[in-house]
Amino acid sequence: MLAYLNSLTYSMGSVGGKPNPWKIRSGTYCCYNAFSRIDIRVEVRIPGGVDAYAIDIRGDRHSIDSAAMWQESNVSAVLRAILDDNDEPDGNDGEPLLGLRKFDPLPNLAAEKRFLEAATGEFWKGWQLGTEPEVQNATFCSNHLTNGIVKYFGHAGRIGEAAKFFQALYEKDAEVGAVLARVHLDTDEEIKAVEVLYNALKRVPSSHGLLLVQIDFLKNKKKLDMALKLAKLAVTYAPTEFTTWHKLTEVYIELGDFESALLSLNACPMFAYCEKDAHRMPAPARTHLPLRQDPATLKPDDDPKKAPVGHGTVNDENDPREDEVHPELKRLSYLSLRGTFSKAYSLLVKIASKVGWDELLRHRSSVFVMEEEYRIHRALAEENDKGHELEKKALPEPPSSEPATDGAPAAHENGEEVEASGAKDGDVISENGEGKEDVGTAQMEAISLDDDHSSDVDHASDVARPEKAEEKPVSPVEEKKGRLSIDELMRKTGAEAGNVEKSDETAEAPNPRGPRRAVSFSFKNKRLCDKWLDNQFMILYQDIRLYSLLKQEIAQYKNQAGAAPNVLMYRKTGAEWEVYGELAERLDHQDDAKEAYKLCLSQKFSMKSWLKLLEMSANEGNITDTLKAVAKLVAVLDRAFVETTYPGPVARNLFKLIKVHGLAKVQNALISMNLPQHEYRLITRYFEYAELFSVVGSKW
């Protein structure tokens, strides 16, 4: 740290041709130890000495007297650099953080080896770091340490190195086999993956993590029936985890059973999103940060690193009017979805893209109780209750020395006990003296993931009832007094074509309210839609409506403009085109999204749009478009003093090209583009990294 801070002293440039009057007297390096929940600080005084100490959550100062604290701090720092690469959907959209200078966390193989040794020692404490927002409980196979190592090797195409790391840990704990098997599948070593899953499941048969990997393997092999059975089993083992229900919904979508997919999606446990420890800073009125000059404005012989350093941000050159957004686009509800809610919305979009909006609404009305149905159902129930009260008052009192009171069992002629007429709506009448505890036990036994047909639904608590309860006869006392449960009432009124038949007792005292109406529908096998899912239907409707209006406007203006399609640029700002690009992308319209991002970049500079185009071009394997985006991004990041190579979105997408086409072909394509020498040198850093760390495709 002393050497680094001392180097900053010599890197300070001159002001107006004179020596810089500012000098660095001291500096403090802070690193949060996520394992011990302390902040490691190193104070450097120039000239002077170095002082290292720790600050706990109460602000008390402690001395660092163990090597374990330094090792934990090292692992924490590297994981932060790996997991936070400015390319997260809930992050800052790839914009370089103001005033942040980034370096490669593992610049060579020796540093990588030291990190892996430290990570091995801290692996069994990895669950203390937490995990992804979609996972409720952190485990050995799902935490920030495990996810960071898989991401580091996976994005570089070196997933085989991750397999070596997890192999030794798998011998100690079978649950690590879930990560190891997934790594083997990514390297196309399916036989090894199946062997790991087989042995691990024998040791831990109830691990839902192992089952999820097996489900993905069966889905890729198109064995959807077997995957469905395992998905149901995973839900049984981990009913409170979102990932198991998410996987079950995916399998139903692949099978084309969209109604079951909606039911399982409705049953997903949703968690509140836990944001990372990043402070939300207000927008500054002005900035005075170092910014290198644009290489395009320099002469061919000038060195950009020796040019005088200016100040500002990379977005200062944009027209402020291009950043204006229509208020309706600012209020898009999707922008507030995070964590499990964002994952659930992607599943809903997937169903809509397969069947269409109208068919999705039809499936929704088939499995969920609609508002009109619920209103009619409640009105009918209230009307029948009032009618029964009038009939009860009109009927003569039955000859009995001890009349049965509401809620108490009454004795029948044959000695059997039946429930009195005061039973609540939806309660099942017990026979042979069996209590409600036996009914509850039967309800629990009736719940099975293998049943295709659900039992009746209690709309107040949405709890399944046993089908055998429907076949139980209604007691004579209840028939006489006309008190039926809601489910029996709906079946009876739905089966009758006209007026309700009247018994001899009710004929003597007619109902002054007249005949009751029959209803032609029933709530059997329907569920109440959760509020969050109903809200996501509204969000999807809002997105589809805006997308349809955009498509209509584009088609209209293209027909009017003829050979001048740029007329659209005068109707939308650059920021609005970026919003429309995100809208088309999340609705799975990649071509429209790419067109919107290009229109945005034709009007303003946007780091987010360039990153989106970079990822789309890399996924398509388009070498020319990918290298154009890389050249633009590395030039801008260099101006903001972002000197990191990997991990990052630029390296990740460039390594995709190298994996598909090979390093030699990508290098030749870069040479043929005849870029400026400065940009060419910046891009070759990634090729050197690929050769040093043996990225897949770097040997050919």
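Remember, it's a predicted structure, so these values are computed and weren't measured experimentally. (Residues numbered from 1 in each chain as written. Predicted model: local features only at pLDDT ≥ 70, side-chain atom pairs only at ≥ 80, totals over all residues. Heavy atoms only, no water.)

A.B. asks: Explain the overall build of the protein chain to me, please; I cannot follow it from the model alone.
C.D. replies: Along the backbone of the protein chain there are 27 helices and eight strands. Within the protein chain, contacts between residues separated by at least 24 positions form 65% of all contacts whose residues are at least 6 apart in sequence. Element-wise, carbon and sulfur atoms account for 52% of the exposed surface of the protein chain, whose accessible area totals about 38800 Å². (Helix = DSSP H or I, 4+ residues; strand = E, 2+ residues; numbered from the N terminus. Contact = heavy atoms within 4.5 Å. Areas by Shrake-Rupley, 256 points an atom, 1.4 Å probe, with all protein chains shown as cover.)

A.B. asks: Which parts of the structure should I look at to understand the nonpolar core?
C.D. replies: One broad trend across soluble globular proteins is that nonpolar side chains are buried collectively. Ranked by size, the top nonpolar core spans 138 residues in total, and within it Phe115, Phe166 and Phe655 carry the most contacts. Leave out the neighbours within four places in its chain, and Phe166 touches Phe123, Thr146, Ile149, Val150, Val176, Val179 and Leu180. (Core = buried A, V, L, I, M, F, W, Y, C linked by side-chain atoms within 4.5 Å. Buried < 20%, exposed > 50% of the residue type's maximum accessible area, 1.4 Å probe, protein only.)

A.B. asks: So what exactly am I meant to see when it comes to the environment of Gln128 here?
C.D. replies: Take Gln128: it is sitting in the loop between helix H3 (109-122) and helix H4 (144-155). Sequence-wise, Gln128 and Ala138 are ten residues apart; in three dimensions their C-alpha atoms are separated by 7.7 Å.

A.B. asks: What should I look at first to understand the state of the cysteines in this one?
C.D. replies: Simply put, disulfide is the name for a covalent bond between the sulfur atoms of two cysteines. Tallied over the entire structure, the rule returns zero disulfides. Not engaged in a disulfide, the cysteine Cys30 finds its nearest cysteine sulfur in Cys31; these two sulfurs lie 9.0 Å apart. (Disulfide = S-S within 2.5 Å.)

A.B. asks: Help me understand unusual backbone geometry, please; the structure alone is not making it clear to me.
C.D. replies: Of all residues except glycine, most have a negative phi; of all peptide bonds, most are trans. For the bond from Tyr646 to Pro647, the omega torsion is 5°, close enough to zero to count as cis. Note that Pro647 resides in the loop between helix H24 (623-639) and helix H25 (649-661). For Asp588, which is not glycine, the phi torsion reads 70° and is therefore positive. Looking at where Asp588 falls in the secondary structure, it is placed in the loop between helix H21 (574-586) and helix H22 (590-603).

A.B. asks: Please clarify how the pairing of strand S3 (residues 50-55) should be interpreted in this entry.
C.D. replies: In this structure, strand S2 (residues 38-45) lies alongside S3, joined through six bridges in antiparallel fashion. Along S3, the bridge assignment pairs Ile40 with Ala54. By the bridge criterion, two bridges tie S3 to strand S4 (residues 61-62) in an arrangement that is antiparallel. Paired with Ala54 across the two strands is His62, which belongs to S4. Hairpin remark: S3 followed by S4, antiparallel, with five residues in the connecting loop; positive phi at Gly59, about 90°. (Pairing = 2+ DSSP bridges.)

A.B. asks: I would appreciate a short explanation of helix H2 (residues 67-83) in the present structure.
C.D. replies: Every α-helix carries 3.6 residues per turn, so stepping three or four residues along brings you back to the same face. The first and last C-alpha atoms of H2 sit 25 Å apart over 17 residues, in line with the 24 Å expected at 1.5 Å per residue. As for H2, its buried residues are in contact with strand S1 (26-33), S2, H3 and H4. (Expected span 1.5 Å × (residues − 1).)

A.B. asks: Sorry, what's going on with the side chain of Thr645 here?
C.D. replies: Its location among the elements puts Thr645 in the loop between H24 and H25. Since its relative accessible area comes to 9%, Thr645 is described here as buried. Not counting chain neighbours up to four residues away, the residues in contact with Thr645 comprise Asp104, Ala651, Arg685, Tyr686 and Tyr689.

A.B. asks: Looking at this model, I keep getting lost on the packing of aromatic side chains. Mind explaining?
C.D. replies: Remark: the centre distance and the inter-plane angle together describe each pair of aromatic rings, the angle taken between the planes. A complete count under the given rule lists 15 aromatic pairs for this structure. Seen in terms of ring centroids, Phe123 and Trp124 are 5.1 Å apart; in terms of plane orientation they differ by 85°. Their pairing is edge-to-face. For Phe123, a relative accessible area of 1% corresponds to the buried category. Centre to centre, the rings of Phe655 and Tyr689 are 6.0 Å apart; their planes meet at 15°, and the pair counts as stacked. Taken together, the residues span a long stretch of sequence, with Phe655 in helix H25 and Tyr689 in helix H27 (residues 677-692) at a distance of 34 residues. Following the ring pairs from residue to residue traces out a cluster consisting of Tyr152, Phe153, Tyr646, Phe655, Tyr689 and Phe693. Over the face of the ring belonging to Tyr53 we find Arg61, whose NZ or CZ atom lies 3.7 Å from the ring centre. One cation-aromatic arrangement involves Arg203 over Tyr170; the distance from NZ or CZ to the ring centre is 5.6 Å. (Phe/Tyr/Trp six-rings, centres within 6.5 Å; stacked < 30°, edge-to-face > 60°. Lys NZ or Arg CZ within 6 Å of the ring centre and 35° of its normal.)

A.B. asks: Please clarify how helix H10 (residues 242-255) should be interpreted in this entry.
C.D. replies: Relative to the 20 Å expected for 14 residues at 1.5 Å per residue, H10 spans 20 Å between its end C-alpha atoms, a close match to the ideal helical length. The buried count for H10 comes to eleven of 14 residues, which makes it a mostly enclosed element. Of all the positions in H10, only Phe242, Thr244, Trp245, His246, Lys247, Leu248, Thr249, Glu250, Val251, Tyr252 and Ile253 are classed as buried. Residues of H10 that are buried in the fold lie against helix H8 (208-220), helix H9 (224-237), helix H11 (258-266) and helix H13 (340-355). In the stretch just after H10, Gly256 is the one whose phi turns positive, near 85°.

A.B. asks: Help me understand the confidence of the model for the protein chain, please; the structure alone is not making it clear to me.
C.D. replies: Per-residue confidence for the protein chain averages 78 on the pLDDT scale, and 74% of its residues sit at or above 70. Across the protein chain, the element-wise mean pLDDT spans from 38 in strand S8 (residues 417-418) up to 96 in H10. The low-confidence segment residues 400-487, where pLDDT is below 50, has 100 contacts with residues more than four positions distant or belonging to other chains. Per-residue pLDDT stays below 50 along residues 489-521; that stretch engages in 40 contacts with residues further than four places along the chain or on separate chains. (pLDDT = per-residue confidence, 0-100.)

A.B. asks: Which parts of the structure should I look at to understand the packing of H10 against H11?
C.D. replies: Two packed helices can be described by the angle between their axes and the distance between those axes. The N-to-C vectors of H10 and H11 enclose an angle of 170°; their axes lie 8 Å apart at closest approach. Taken together, the axes of H10 and H11 are roughly antiparallel relative to one another. Residues Trp245, Leu248, Thr249, Tyr252 and Ile253 of H10 form the contact with H11, whose participating residues are Phe258, Ser260, Ala261, Ser264 and Leu265. Broken down by class, the residue content of the contact of H10 with H11 amounts to seven nonpolar, three polar and no charged. (Axes fitted to C-alpha atoms, helices over the stretch in contact; angles between N-to-C directions. Parallel < 35°, antiparallel > 145°, perpendicular 65-115°, else oblique. Nonpolar A, V, L, I, M, F, W, Y, C, P; charged D, E, K, R; others polar.)

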